[in-house]
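Listed here are the chains, written in short residue letters.
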Amino acid sequence: RGTPARDAAYDGDHESTTVHIGAALLDSHSIVATSTWLVRPWPGDQDPLAVQLRGMAVRDAMQNTGVGRALIDAGIAHARSLGARWVWAKARDSALYFYERCAFSVEGEQFIEPASGVPHHLVVLDLGS
């Protein structure tokens, strides 16, 4: 829904430090949510270790059930296990409220993400505070 691409592969998907986190229904084993977490510097601070969330998606019928928050929590736990200072993402403007509820701060100006053609903002969570 957020990207016109049929192939949701990203640069860095196969790096040894990249983690893919998903959620499935127990009864059908159907994937209902997915996210990718890559070691990437936070654009606002190139020094400390940071983890970027990319390609998060939750099936429409599963939104507002807590599954998205569970993916965020698992990704944050992963980032903490690496000693990361920051977790950040390029968030669709239509999802900013979700990230704000997860304690992310919205940073900078709106931009159009080339892969999707929709408005985004950078969001960041400071794990050091």
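Look up: the structure comes first, before these words.
Residues numbered from 1 in each chain as written. Predicted model: local features only at pLDDT ≥ 70, side-chain atom pairs only at ≥ 80, totals over all residues. Heavy atoms only, no water.

So, the nonpolar core
Counting residues in each nonpolar core, the largest one holds 27 residues, and the members touching the most others are Met56, Ile72, Tyr99 and Phe104. The biggest single contributor to this core is helix α1 (residues 67-82), with five residues. Other than its neighbours up to four places away in sequence, methionine 56 contacts Thr34, Ser35, Gly68, Leu71, Ile72, Phe98 and Tyr99. Counting residues in each nonpolar core, the second largest holds six residues, with Trp86, Trp88, Leu122 and Val124 among its members. (Core = buried A, V, L, I, M, F, W, Y, C linked by side-chain atoms within 4.5 Å. Buried < 20%, exposed > 50% of the residue type's maximum accessible area, 1.4 Å probe, protein only. Helix = DSSP H or I, 4+ residues; strand = E, 2+ residues; numbered from the N terminus. Contact = heavy atoms within 4.5 Å.)

What about the side chain of serine 35?
Take serine 35: it is sitting in strand β2 (residues 31-39). Engagement of the side chain of serine 35 in a polar contact is seen with the side chain of tryptophan 37, the distance being 2.8 Å. Residue contacts for serine 35: discarding those within four places in its chain leaves Val19, His20, Ile21, Leu53, Arg54, Gly55, Met56 and Leu71. (Polar contact = N/O pair within 3.5 Å; in protein donor to acceptor, adjacent residues only side chain to side chain.)

Digging into the environment of glutamate 113
Within the secondary structure, glutamate 113 is located in the loop between β5 (105-112) and β6 (119-126). For glutamate 113, a relative accessible area of 17% translates into the label buried. Glutamate 113 sits 22 residues away from alanine 91 along the chain, and the two C-alpha atoms are 9.4 Å apart. Not counting residues up to four positions away in its chain, the partners in contact with glutamate 113 are Lys90, Val118 and His120.

Regarding the packing of aromatic side chains
Following the criterion strictly, the structure yields four aromatic pairs and no others. With centroids separated by 6.4 Å and ring planes inclined at 35 degrees, the aromatic side chains of tryptophan 42 and tryptophan 86 adopt a geometry described as tilted. Note that tryptophan 42 is positioned in the loop between β2 and β3 (50-58) and tryptophan 86 in strand β4 (residues 86-92), a separation of 44 residues in sequence. Both residues of the pair, tryptophan 42 and tryptophan 86, belong to the buried class. Measuring from ring centre to ring centre gives 5.5 Å for tyrosine 99 and phenylalanine 104, while their planes differ by 85 degrees; the resulting arrangement is edge-to-face. (Phe/Tyr/Trp six-rings, centres within 6.5 Å; stacked < 30°, edge-to-face > 60°.)

Regarding the pairing of β2
Inspection of the sheet shows strand β1 (residues 19-24) paired to β2 by six bridges, in the antiparallel sense. Each residue of the ladder has a partner; that of alanine 23, found in β2, is alanine 33. Sheet analysis places β2 next to β3, joined by six bridges and oriented antiparallel. Note that in β3 the partner of alanine 33 across the bridge is valine 58. (Pairing = 2+ DSSP bridges.)

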